[in-house]
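# Observations on chain architecture
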Amino acid sequence: MEKRCFGKTGLDVTILGYGAMELRHVDEAQAEKLLNAALDAGITFIDTAPDYGPSEDYIGQFIAHRRNEYILATKCGCNIPYPSGSDAPRHIWTGVQLRHNIEHSLRRLCTDYVDVWQIHSAYPQDLAGTDVLETMFKIQEEGKVRHIAVSMGGASEKYGYVQMRGYLDPVWDAFEAMQVWYSALVRYSEQAIREAARKGIGTIIRGATRRVDPWTSLEDACTQLNLDALRAPGESAAQFLLRFVVSHPDVHTIIVGTKNLDHIAENVTAVESGPLPADVLVEAKKRLDVAKGE
Ligand SMILES: NC(=O)c1ccc[n+]([C@@H]2O[C@H](COP(=O)([O-])OP(=O)(O)OC[C@H]3O[C@@H](n4cnc5c(N)ncnc54)[C@H](OP(=O)(O)O)[C@@H]3O)[C@@H](O)[C@H]2O)c1
């Protein structure tokens, strides 16, 4: 599988990663199969978070013995264990909370270090005046994390775009990687991903096969956007959408979550087909712009 240079981190990452959030919805037996299938298929980047249910535990339980085969990304700031039924904040931006998170994550993941440690969903202003960054540096010096990063943005153009632009300010140059939403269906970050890569930031992409409207399947979304004729024979909508993201030269790893073993295989086949042909990509963007009224 293609590997791309992950910014200035010195790491090479597979173009397809595994997003382990979906492990919230599976039992132990299925989690063991999915995680090992991802590694067996050649995927070497796994993303999780303390607040994805048992996801970190499953990784520790089922693939820690293969630790040298994967780059492990998790997150911090998560208010776990979350007091159920309360209206407590989902995230807490203090050094004390981050210290709690890393010790807890390392125990659950059965490892001594995390490769990429990401702020989970904060806006730049949430971190202003806190000891978060200084604590991240300390924990990095202790060798518990290798690279510090930020994970942000939802599908919303309004908030996701503003958040990503905020983190491109030189004040945040300490972040070595950024996780951001980008897909054919949600393109607000297309230019900012280019700028991030130019600054030497590793780019982690999510949302490639995520439905924006939960009531519309990926197949129907492609039809509505007039993309079907651009698909190669036998190519599913998910595969086309994945190849669309592979076609962005500054995308480094695309973390796709799935609870389905067949979908892992399908996604691997898609990325191994490479980027979309140049003329197809141009036409797809034209049609997406038309659908959006641009
Ligand atoms: N703020 C944050 O930091 C944040 C927020 C959300 C997510 N994340 C991370 O990003 C990762 C990716 O998240 P995401 O938003 O891209 O989506 P996701 O929540 O991982 O879900 C991906 C969706 O795509 C579907 N899918 C995958 N392969 C497919 C295929 N070949 N055909 C049809 N459907 C397919 C999956 O369904 P099936 O299970 O049926 O395959 C699933 O519904 C997460 O796992 C998590 O690690 C981070």
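Just above, that's the structure.
First, a word on scope: everything that follows refers to the structure included in this document. The model shown is predicted, which means the values in this text are computed figures rather than measured ones.

### Description of the overall build of the protein chain
Within the protein chain, the regular secondary structure consists of eleven helices and ten strands. Computed over C-alpha atoms, the radius of gyration of the protein chain comes to 19 Å, within 12% of the 19 Å expected from 2.2 N^0.38 for 294 residues, which places it in the range of a compact globule. Oriented by its inertia axes, the alpha-carbon framework of the protein chain measures out at about 55 × 40 × 40 Å. Going through the 294 residues of the protein chain one by one, you find that 54% of them count as buried. By sequence separation, contacts in the protein chain at least 24 residues apart represent 76% of the contacts at least 6 residues apart. For the protein chain, the exposed surface amounts to about 12600 Å²; the carbon and sulfur share of it is 52%. Here the protein chain contributes 31 positively and 40 negatively charged side chains, and the mean placements of these two sets differ by 2 Å.

### Concerning the packing of aromatic side chains
Summed over all chains, the structure comprises six aromatic pairs. Seen from their ring centres, Tyr167 and Trp172 are 5.6 Å apart, and the 65° between their planes marks the pair as edge-to-face. Like Tyr167, the residue Trp172 is buried in the burial classification. Judged by centre distance (5.9 Å) and plane angle (75°), the rings of Tyr167 and Phe175 are edge-to-face. The burial state of Tyr167 is the same as that of Phe175; both residues are buried. Among the aromatic side chains, those forming a connected cluster through ring pairs are Tyr167, Trp172 and Phe175. Here the guanidinium or amino end of Arg67 rests over the ring plane of Tyr113, the centre of that ring lying 4.3 Å away. When the ring centre of Tyr82 is taken as origin, the NZ or CZ atom of Arg90, which lies over that ring, is 4.0 Å away.

### Quick notes on the pairing of strand β9 (residues 202-206)
Burial analysis of β9 places five of its five residues in the buried class, the great majority of the element. Side chains Gly202, Ile204 and Arg206 of β9 all project onto a buried face; the interleaved residues Thr203 and Ile205 project onto the opposite face, where all are buried too. With five bridges joining them, strand β8 (residues 177-181) and β9 adopt parallel strand pairing. Note that in β9 the partner of Met178 across the bridge is Thr203. Tracing the backbone out of β8, into helix α7 (residues 190-198) and back to the parallel element β9 gives a crossover that is right-handed. Across two bridges, β9 lies against strand β10 (residues 253-256) in parallel orientation. Within β10, the position partnered with Ile205 by the bridge is Ile254.

### Observations concerning the site of the ligand
If you check the shell around the ligand, you find 25 residues, and the closest are Asp47, Ser151, Arg210, Thr258 and His263. At 3.0 Å, a side-chain N or O of Thr209 approaches an oxygen atom of the ligand. At 2.8 Å, a side-chain N or O of Asn267 approaches a nitrogen atom of the ligand. Calculation on the ligand without its partners gives an accessible area of 900 Å², and the protein chains cover 86% of this total. Secondary-structure elements contributing two or more residues to the shell around the ligand are β10 and α10 (261-272). For the shell around the ligand, the element with the most residues is α10, which contributes three residues.

Rules behind the numbers
- In this convention, every chain numbers its residues from 1, walking through the sequence in written order.
- Selection of residues for local features in this predicted model requires a pLDDT of at least 70, selection of side-chain atom pairs for listing and counting requires 80 or more, and totals for whole chains, interfaces and linings are taken over all residues.
- Values reported for side chains reflect all heavy atoms of the structure, with hydrogen atoms and water molecules removed beforehand.
- The helix count covers DSSP runs of H or I at least four residues long, the strand count covers runs of E at least two residues long, and both are numbered beginning at the N terminus.
- Throughout, the radius of gyration refers to the C-alpha atoms, and the reference size of a globule is 2.2 Å times the residue count to the power 0.38.
- With a 1.4 Å probe rolled over the protein chains alone, any residue whose accessible area is under 20% of its type maximum counts as buried; one over 50% counts as exposed, and the rest are partly exposed.
- For this analysis, residues touch if any pair of their heavy atoms sits within 4.5 Å.
- Values of accessible area rely on a 1.4 Å probe in the Shrake-Rupley scheme; residue burial ignores everything except the protein chains shown.
- Counted as positive: Lys and Arg. Counted as negative: Asp and Glu. His and the chain ends are not counted at all.
- Think of each charge as sitting on NZ of Lys, CZ of Arg, CG of Asp or CD of Glu.
- In this analysis, rings of Phe, Tyr and Trp, with Trp reduced to its six-membered ring, are considered paired at centre separations within 6.5 Å, and the interplanar angle assigns stacked below 30 degrees, edge-to-face beyond 60, and tilted for intermediate values.
- Two conditions define a charge sitting above a ring: the NZ of Lys or the CZ of Arg must be within 6 Å of the ring centre, and it must be within 35 degrees of the ring normal.
- Note on pairing: DSSP must find at least two bridges between two strands before they are called paired.
- The path from the first strand over the helix to the second decides the hand: if it runs clockwise while the strands point away from the viewer, the crossover is right-handed.
- Here a residue counts as near a molecule or strand whenever at least one of its heavy atoms sits within 4 Å of it.
- Contacts described as polar in this section are N or O atom pairs within 3.5 Å, which, within protein, must combine one atom able to donate a hydrogen with one able to accept it, while residues neighboring in sequence count only if both atoms come from side chains.

By themselves, these are just geometric observations and shouldn't be taken as functional.
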